[in-house]
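# Working through the structure, step by step
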Amino acid sequence: MAIATTMRPLVSLALPQNGAARLATQLFLAIAGTLVLTLSAKTKVMLGPVDISMQTLAVLLIAAAFGMRLGVATLLLYMAEGAMGFPVFQSTPEKGLGIAYMLGSTGGYLAGFVVMAAIVGWAADRGWDRHPIKLFNAMLVGEVVMMAMGFAWLALLIGPEKSWQFGVVPFIVGDLIKVALAASLVPAVWTLLKRG
């Protein structure tokens, strides 16, 4: 019987061992992560019904650094902030707030971010965050799943042809660059920490 070895993600180096201090640090990191996600959402280029932002890069880096549990918790906190009406998403408050915005054209991508964080975080928990090729592969799988979820949701709203044309094609090259960048940065940090 094979046993999956769980390794500690990058953030584990900053977590105290004490239960209360550890929980407080995790809460701080999750809140800080939602701030990074908000800033990355506001860094955008307008293009069709869905805007290009730095969110994909932020989600990938948070998931790889935080691991699955804290990464997904951070994304769920971010979604909760948005659902409560905080202007944390792209084009908020211009295109609406809260649940109404989340059910709009970016809804599938938002849900996909959570799944992407789970996939990349799972890989980081198993030590793939130390190997650029393994991490790239995990991030690419997460990216494809997120894009598929976004495409499917957008296709319900505007049809599959327009969803493909406006919701997938314009993002392929940029998102591949973001995946490659994130898959290079996290292992580089591990390498620097080993030397230090």
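Just above, that's the structure.
Every value quoted in this text rests on a predicted model; they were computed, and no experiment measured them.

This paragraph deals with the packing of helix H2 (residues 55–83) against helix H5 (residues 132–158). For the pair H2 and H5, the least separation of the axes is 11 Å and the interaxial angle reads 130 degrees. Classified by the angle their axes make, H2 and H5 are oblique. The interaxial crossing formed by H2 with H5 has right-handed handedness. Of H5, the residues touching H2 (which contributes Thr-56, Leu-60 and Ala-64) are Leu-135, Met-139, Glu-143 and Met-146.

In this model, the largest pocket occupies a volume close to 340 Å³. Along its surface, the largest pocket is lined by 17 residues, and Pro-9, Phe-66, Arg-69, Leu-70 and Asp-125 are the ones closest to its centre. Those elements that place two or more of their residues in the lining of the largest pocket are helix H1 (19–42), H2 and helix H4 (107–125). It is H2 that provides the largest number of residues to the lining of the largest pocket, a total of five residues. When the residues that make up the lining of the largest pocket are grouped by side-chain class, the tally is eight nonpolar, four polar and five charged. Empty space within the second largest pocket amounts to approximately 160 Å³. In this structure, the second largest pocket is lined by Leu-140, Glu-143, Val-144, Met-147, Trp-164, Val-168, Ile-172, Asp-175 and Leu-176. Taken together, the elements giving at least two residues each to the lining of the second largest pocket come down to H5 and helix H7 (172–195). Of all the elements, H5 adds the most residues to the lining of the second largest pocket, at four residues. In terms of residue class, the lining of the second largest pocket is made up of seven nonpolar, no polar and two charged.

Reading guide: rules and limits
Residues numbered from 1 in each chain as written. Predicted model: local features only at pLDDT ≥ 70, side-chain atom pairs only at ≥ 80, totals over all residues. Heavy atoms only, no water. Axes fitted to C-alpha atoms, helices over the stretch in contact; angles between N-to-C directions. Helix = DSSP H or I, 4+ residues; strand = E, 2+ residues; numbered from the N terminus. Parallel < 35°, antiparallel > 145°, perpendicular 65-115°, else oblique. Left-handed = near helix turned anticlockwise from the far one by under 90°. Contact = heavy atoms within 4.5 Å. 1 Å grid on protein atoms, 1.4 Å probe; cavity = no way out; pocket = protein on both sides within 12 Å on 5 of 7 lines; lining within 4 Å. Points joined across faces, edges and corners; volume = space filled by probe spheres on them. Nonpolar A, V, L, I, M, F, W, Y, C, P; charged D, E, K, R; others polar.

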